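Chain and residue survey
What follows is each chain in one-letter form.
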Amino acid sequence: MRGRVTAPLRLRIDCDALQANWRTLDRMSGAAACGAAIKADGYGLGAATVAATLAAAGCRDFFVATWDEAAAIAAQRLPLSVLHGVRAEDMAVARALAGIARPVLDTDAQVARWRDAGGGACDVMVDTGMNRLGVSPQAVREGLLDGLTIETLMSHLACADEDSPMNSRQQATFAALAGATGAQRMSLANSAGIALGADYAFDLTRPGLALYGGVPRREFAGEIRPVVTPEAQILQRRTVQAGDTVGYNATWTAPRATEVAIVNLGYADGYLRGFSDRGSAQGGTVPVIGRVSMDLIALDVGAEPTLAEGDWIAIDFALPQASAASGLSQYELLTGLGRRYARLG
Ligand SMILES: *Cc1c(COP(=O)(O)O)cnc(C)c1O
C-alpha cells in the first residue's frame, strides 16, 4: 500500500483480478510464456505492487520503459527489460543492475554502445512497420547484431486492436527473422496481439492494458476482470433548489430540488473534464453533474438517501465504459490516475 491511509481518495486494486487476468492471458498465449508490461508505474497502479502480485502468480518477464523505473523495483530482483534501451547516460545504472535488468536495444547506436561496453545479456527491438523504436530488419540480416548475447528479439504491433492488414504484414516480417540472430526467444504480441492467434504469440507475450482490466478487443470481453476502482470521500452533502446551478460556469441547472454530494476527486486525479455530466458512481445510480473541478466533482445522490458527509463513493471505472463516457483511451484512464490516491491492494 502506498500513500497516506487518511487520504480522502483511494484506489482499490483487486489483486485477485490482476492475477486472474494474467492467468487468462497466459492461457491465451498458448505455449508462449506470458510477461507483463509494468511501465508508467504499473499503468498507474503502482509498479512494485503489480510486480510482486504477478510474480506470485508465476510471471517471470517484466517490461519497464526507463532505467529509473527499473531501479525503483530492482530490490525485488525480478527479470526486467528496459524498453527504451541504453543512452550513454544510462550505462552506469545499466551496469549496476546487470543480472536484474537488461536493455532492449532500439537503435544502431545503442547496439554499438552496448557491444563496445562489453555486451552482456540484452534484448533487441526490431521495427517491422510501426516506425516507432527499433532497428531495421535489413540491418539485422546484414549482421548488425552479430556477437551480441540476445535473450529476446522483439517487435511491436501498431494496430493489434483493429482488424488491420498491417497485423499480418508485421507478423510475416518478424517471423522471417527467425534464426537470423542468436536470440533465445522472439516476442511480438501486446495485450491485443494475444487475441490475434497462435501465429502472433512466438515465445513470449507482453500484455499490459488487459492485465489491468482493459479490453482492447472484443475477444477479451467477459474474459478480463476489472482491477481498479477509485473511491472518494463525500466532503459535503447539500440540497440544490430548482433553478440553482452547480459548479464552474454554472453548466448544470437543477430541474427540481436535487440532493448533491461534493466528492474529493477531480481532474488533477486523472478524472478529466470529459467526465463532466457523463461520469457516474455506485454502479450507475449516481451521475456526475456539471463540470469536473481540479479536486472535486458533484454527484446527484437522489438515489442514495443514506449517503452522508464522510462516506465513501465508488466511482464507476470499468475501462471500456469509462472510456466511452469520457472520450479518454483506456490507457489514459489508467496512467493518468496520479499521486493523491492511497493505493490499497
Ligand atoms: C506498452 C508496451 C506493451 C504493452 O502493450 P499493451 O497494449 O498495454 O498490452 C508491449 N510491448 C511494448 C514494446 C510496449 O511499449
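My aim in this report is to walk through the structure given alongside it, one point at a time. The shown structure was predicted, so the numbers you read here are calculated from the model rather than taken from an experiment.

**Overview of the nonpolar core**
- Counting 95 residues, the largest nonpolar core has I38, L54, F62, L145, Y212, I297 and L299 as the members making the most contacts within it.
- Sorting elements by how many residues they give to this core places helix α3 (residues 47-57) first, with 6 residues.
- When neighbours within four sequence positions are excluded, L299 is seen to be in contact with E259, V260, A261, V263, A281, V286, P287, V288, I289 and I313.
- Within the second largest apolar cluster, 8 residues are counted, among which are V246, A254, V260 and I262.

**What to know about the site of the ligand**
- Neighbouring the ligand are 14 residues; K39, Y43, S191, L209 and Y331 lie closest to it.
- N190 places a polar side-chain atom, nitrogen or oxygen, 3.2 Å from an oxygen atom of the ligand.
- Its free accessible area being 390 Å², the ligand has 93% of it covered by the protein chains.
- Residue composition of the shell around the ligand, grouped by class: 7 nonpolar, 4 polar and 3 charged.

**A few points about the side chain of D123**
- Counting through the fold element by element, D123 comes out in strand β7 (residues 122-125).
- Residue class for D123 comes out buried when judged on its relative accessible area of 0%.
- At 2.6 Å, the side chain of D123 and the side chain of R102 are in polar contact.
- When residues no more than four places from it in sequence are discounted, the contact partners of D123 are S81, R102, P103, V104, L105, I150, E151, T152 and M154.

**Quick look at helix α10 (residues 319-326)**
- Within α10, burial applies to L319, A322, S323, A325 and S326. An end-on view of α10 places all buried positions within 165 degrees of arc, on one side of the element. Among the exposed residues of α10, those oriented more than 90 degrees off its buried face are Q321 and A324.
- One or two steps after α10, the chain reaches G327, where phi turns positive at roughly 80 degrees.

**Observations concerning the packing of aromatic side chains**
- Under the criterion given, the structure shown has 4 aromatic pairs.
- Ring plane angle 40 degrees and centroid distance 6.5 Å describe the contact between Y43 and Y331, whose orientation is recorded as tilted. Separated by 288 residues along the polypeptide, Y43 in helix α2 (residues 39-43) and Y331 in helix α11 (residues 330-335) bring together distant segments of the chain.
- Taking relative accessible area as the criterion, Y331 reaches 37% and is therefore assigned partly exposed.
- What links up through ring pairs into an aromatic cluster is the set Y43, Y212 and Y331.

**Comments concerning the environment of T6**
- If you trace the backbone, T6 turns up in the segment before β1 (9-13).
- On the basis of relative accessible area, T6 is assigned to the exposed category, the value being 67%.
- Once the C-alpha coordinates of T6 and L235 are considered, the two residues, 229 residues apart in sequence, prove to be 14 Å apart.

**Looking at the pattern of salt bridges**
- For the structure on display, the rule yields 15 salt bridges.
- The partner of E219 in a salt bridge is R217, and the shortest N-O contact between them spans 3.1 Å.
- The exposure class of E219 is partly exposed, given its relative accessible area of 31%.
- The class of R217 is buried, set by a relative accessible area of 5%.
- Note that R340 and D269 form a salt bridge whose closest N and O atoms lie 2.9 Å from each other. One end of the pair, R340, is in the loop between α11 and β19 (342-344); the other, D269, is in the loop between β14 (258-263) and β15 (280-281), and 71 residues separate them in sequence.
- Among the residues examined, R340 registers a relative accessible area of 36% and is labelled partly exposed.
- Here the residues in one salt-bridge network are D163, R217, R218 and E219, joined through shared partners.

**Observations regarding the side chain of T152**
- As for its placement among the helices and strands, T152 is situated in strand β8 (residues 150-154).
- What T152 contacts, discounting residues up to four positions off in sequence, is R102, C122, D123, V124, R185, M186, S187 and L204.

**Re the environment of A192**
- Tracing the backbone shows A192 in helix α9 (residues 191-194).
- A192 sits 93 residues away from G99 along the chain, and the two C-alpha atoms are 30 Å apart.
- Contact partners of A192, with chain neighbours within four places excluded, come to A160, D161, P216, R217 and F220.

**Topic: the pairing of β8**
- Across the 5 residues that make up β8, a large majority, 4, are buried.
- For β7 and β8, the ladder comprises 3 bridges, and the chain directions are parallel. Bridged to C122 within β8 is I150.
- Handedness of the crossover joining β8 and strand β9 (residues 185-187) through helix α8 (residues 165-175) is recorded here as right-handed.

**Concerning the pairing of strand β17 (residues 297-300)**
- Sheet topology note: the β14/β17 ladder contains 4 bridges and is antiparallel. Its bridge partner lying in β17, V260 is registered against D300.

What counts, and at which threshold
- Residues numbered from 1 in each chain as written.
- Predicted model: local features only at pLDDT ≥ 70, side-chain atom pairs only at ≥ 80, totals over all residues.
- Heavy atoms only, no water.
- Core = buried A, V, L, I, M, F, W, Y, C linked by side-chain atoms within 4.5 Å.
- Buried < 20%, exposed > 50% of the residue type's maximum accessible area, 1.4 Å probe, protein only.
- Helix = DSSP H or I, 4+ residues; strand = E, 2+ residues; numbered from the N terminus.
- Contact = heavy atoms within 4.5 Å.
- Near = heavy atom within 4 Å.
- Polar contact = N/O pair within 3.5 Å; in protein donor to acceptor, adjacent residues only side chain to side chain.
- Areas by Shrake-Rupley, 256 points an atom, 1.4 Å probe, with all protein chains shown as cover.
- Nonpolar A, V, L, I, M, F, W, Y, C, P; charged D, E, K, R; others polar.
- Arc of directions from axis to C-beta.
- Phe/Tyr/Trp six-rings, centres within 6.5 Å; stacked < 30°, edge-to-face > 60°.
- Salt bridge = Lys/Arg side-chain N within 4 Å of Asp/Glu carboxyl O.
- Pairing = 2+ DSSP bridges.
- Right-handed = clockwise from strand over helix to strand, strands pointing away.

Scope: geometric values only; no functional claims are made or implied.
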